[in-house]
Amino acid sequence: MERRIAEASKEGDDKCLIQISDFPGGDKTFELVAKFCYGVKLELTASNVVCLRCAAKHLGMTEEYGEGNLISQTGKFFNQVVFKSWKYSIKALQCCDEVLKYADEFNITIKCIESLAMRALADPNSFVEYGGPMQSPGGSVLWNGISTGARREDTSSDWWYEDASMLSFALFKRLITLMDSRRIREEIVAGSLTYYTRKYLPVLKRRRHSGSSSITPLSNGSVLSEEEQKHLLEEIQELDLPCMQKGLLPTKFFVDMLIIAKILKAGPSCIENLEKRIGRQLDQATLEDLVMPSFSHTVETLYDVDSVQRILDHFLSWGASSSCSSVDDGNLNESSQPMTAVAKLIDGYLAEVAPDANLKLPKFQALAASVPDYARLLDDGLYRAIDIYLKHHPWLAEKEREDLCRLLDCQKLSTEACTHAAQNERLPLRIIVQVLFIEQLQLKASVAECLPVLGESTKGGWETAVRENQDLKVGMDKMRMRVCELEKECSKMRQEIEKLDKTTKGGGAFGSGSKTWENVSKKLGFGMKLKSHQMDSAQKVSSLKSNNENVKIEKLKDVKERQEKY
């Protein structure tokens, strides 16, 4: 001040006017500094020490001009009070925003951040301001210096989230970046970022069949303006922390940010980056995450199918190469599990959006066809989605329905799905015939696979059944030959009876007639016996046939039971 006054006096003006522009802390801080110069006792607090130290540094208030000058006093307060307390460090760091240029220049900001990062890594139960009453060395609570024997509950790792969320994003970003460099657990850093984002951005409450959203005010009752929200969202999505690269942040977090970005009409690059982040961890998403309402006035669909298509494309370009290499031999291993999970997720999404009457066939087909064939272990989910789409789009032409159903691989349908498809009138006839044909092939294949197994497991019993069946056939053949012989004898007897009848009518001798009738009676007796024998033979044949059929039925039942078992 003396130097500035001397310089102003040399100009020869009667009035000495000194202008101090850009003074750290403004006129209030200048007033405190002036009082200090005039010996007024100054009370240092965490709220004013940052501005006072910046002003003292700016004015050069060193020990050269007097012992216990303002620079030394503010330095002692920082070391003895502020940096030893989490609460005071947070308050001081908040005040750095007012004089950020000077606070950075005089290393105040970085020292406050380092103090907070060190304490975030330490045990929060050791802090007096967070531990409640003082503790004895044994851990029991002290009351007036006397141990009560009570034990204090441990504080969780997210104890500092709320305090850190009171910082501006510029300072919060520097804090979590330093914490990450100090190897604090990445999930803790990710949790703090999620907490901060949900506090300052509107929380979208999505409902499955509506595009309504509600904005949750901050704890102090205020809400950021749309422009401030958009600026904050764009800054958050530009972060390049390890916790954002390794999938530690839930997919729903990025999906909510994407929806908010569309509501706030953020830039295309912001939306593209968010879709890429979702695509990188699409295998961790749920169906609820993907069912995003459409906020575009140019698109008539209820859901944002275009965004899901782009997200899927990002996922395929991000991890398709590793998945493809894992299925070269036709077998899926652990590295292909994300692709399988995504295929199931997309099939579920297709079924969810299929009832939308405004969803055009090309978009539905394109999304369904984007999933690689090897990723679907079964096509049941895709079949269900196609069936729902056909149900809610009955005006499709036959060719359009056939083109849509070409996406199906009927060989990958389960038995239940094949049964349903064979009776589904909405499907094209070609698909129904194909399903029936594949059902037959599957049945033959199942029987062919089952028979060798049955042959190994029931070899003795099966051979016995075959021998019995052969014996029955031989017995039936013998009986059939015997019946043929009896029929021939019976035919001869009829001829003799007819001849005898003609002789009797012709009036032959009585004696001769009596002999003839005796012979006839004998013949008739034989004939009755023959007829009885013939009927008995027929009954035996019928019984043998019935036994043979029963044996076959029992064997078929046994084969079917064993097939179902295997």
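Residues numbered from 1 in each chain as written. Predicted model: local features only at pLDDT ≥ 70, side-chain atom pairs only at ≥ 80, totals over all residues. Heavy atoms only, no water.

**Q** Is there a simple way to think about the overall build of the protein in this case?
**A** Looking only at helices and strands, the protein features 25 helices and two strands. Out of the 566 residues belonging to the protein, those deemed buried represent 38%. Nonlocal contacts in the protein, meaning residues at least 24 apart in sequence, comprise 69% of its contacts between residues at least 6 apart. With the model as given, the accessible surface of the protein reaches about 33600 Å², and the carbon-plus-sulfur share is 53%. (Helix = DSSP H or I, 4+ residues; strand = E, 2+ residues; numbered from the N terminus. Buried < 20%, exposed > 50% of the residue type's maximum accessible area, 1.4 Å probe, protein only. Contact = heavy atoms within 4.5 Å. Areas by Shrake-Rupley, 256 points an atom, 1.4 Å probe, with all protein chains shown as cover.)

**Q** Would you take a moment to explain the side chain of D180 for this structure?
**A** By secondary structure assignment, the location of D180 is in helix α10 (residues 169–181). Apart from the residues within four sequence positions on either side, D180 is in contact with E186 and P242.

**Q** Sorry, what's going on with unusual backbone geometry here?
**A** Most peptide bonds are trans, and most residues other than glycine sit at a negative phi. Unusually for a residue other than glycine, N107 sits at a positive phi of about 60°. Looking at the secondary structure, you find N107 in the loop between α6 (100–105) and α7 (108–121). Assessed through its relative accessible area of 42%, N107 is described here as partly exposed. Unusually for a residue other than glycine, K265 sits at a positive phi of about 60°.

**Q** Hey, could you run me through the pattern of salt bridges in this one?
**A** Oppositely charged side chains can pair when the atoms bearing their charge come close. Applying the stated rule across the entire model yields 18 salt bridges. With a closest N to O distance of 3.1 Å, K199 and E162 form a salt bridge. On the criterion of sequence distance, the pair formed by K199 in helix α11 (residues 186–200) and E162 in helix α9 (residues 161–164) is long-range, its members being 37 residues apart. On the accessibility criterion, K199 (15% relative accessible area) is buried. Using a relative accessible area of 30% as the deciding quantity, one classes E162 as partly exposed. Close ionic contact of R401 with E398 constitutes a salt bridge, the shortest N to O distance being 2.1 Å. Placement of both R401 and E398 in helix α21 (residues 398–405) is noted, with a separation of three residues, approximately one turn of the helix. Taking the relative accessible area as the measure of exposure, R401 reaches 17% and is therefore buried. (Salt bridge = Lys/Arg side-chain N within 4 Å of Asp/Glu carboxyl O.)

**Q** How do you make sense of the packing of helix α2 (residues 26–37) against helix α3 (residues 49–59) when you look at a structure like this?
**A** A pair of packed helices can be characterised by two numbers: the angle between their axes and the separation between those axes. Two elements in contact, α2 and α3, have axes whose closest approach is 10 Å; the angle formed by their N-to-C orientations is 70°. On the basis of their axis angle, the class for α2 and α3 is roughly perpendicular. Crossing of α2 against α3: the hand is right-handed. Contact residues: α2 offers T29, L32 and V33, while α3 offers C51, L52, A55 and L59. Here the contact of α2 with α3 is composed, by residue class, of six nonpolar, one polar and no charged. (Axes fitted to C-alpha atoms, helices over the stretch in contact; angles between N-to-C directions. Parallel < 35°, antiparallel > 145°, perpendicular 65-115°, else oblique. Left-handed = near helix turned anticlockwise from the far one by under 90°. Nonpolar A, V, L, I, M, F, W, Y, C, P; charged D, E, K, R; others polar.)

**Q** Honestly, the packing of helix α12 (residues 226–237) against helix α14 (residues 251–263) in this entry has me stumped. Any pointers?
**A** At a minimum axis distance of 10 Å, the contact between α12 and α14 shows a crossing angle of 140°. Our classification of the angle between α12 and α14 gives oblique. When the axes of α12 and α14 are compared, the crossing they make is left-handed. Contact residues: α12 offers L233, I236 and Q237, while α14 offers M257, I260 and A261. Looking at the contact of α12 with α14 residue by residue, the classes come out as five nonpolar, one polar and no charged.

**Q** Would you mind showing me how to read α10 here?
**A** Every α-helix winds through 3.6 residues per turn, so residues three or four apart in the chain are directed the same way. The end-to-end C-alpha distance of α10 is 18 Å, a good match for the 18 Å that 13 residues give at a rise of 1.5 Å each. All of the buried residues in α10 are F169, L171, F172, L175, I176, L178, M179 and D180. Looking at the residues trailing α10, positive phi occurs at R183, about 65°. (Expected span 1.5 Å × (residues − 1).)

**Q** Whenever I open this one, the environment of V353 confuses me. Can you help?
**A** Note that V353 resides in helix α18 (residues 337–353). Linking V353 and V291, residues 62 residues apart in sequence, is a C-alpha distance of 8.1 Å. Here V353 is in contact with Y303 and L359, once residues within four sequence places are set aside.

**Q** Looking at this structure, I do not really get the packing of aromatic side chains. What am I missing?
**A** How two aromatic rings sit relative to each other is set out by the distance from centre to centre and by the angle between their planes. Scanning the model with the defined rule gives twelve aromatic pairs in all. Each ring, one from F23 and one from F30, has its centre 5.4 Å from the other, and the planes form 85°; the classification is edge-to-face. Arranged with centres 4.4 Å apart and planes meeting at 25°, the rings of F364 and Y389 form a pair that is stacked. Highlighted residues: F364 in helix α19 (residues 361–370) and Y389 in helix α20 (residues 380–392), separated in sequence by 25 residues. Each member of the pair F364 and Y389 is classed as buried. By way of ring pairs, the aromatic residues F169, F172, Y196 and Y200 are connected into one cluster. (Phe/Tyr/Trp six-rings, centres within 6.5 Å; stacked < 30°, edge-to-face > 60°.)

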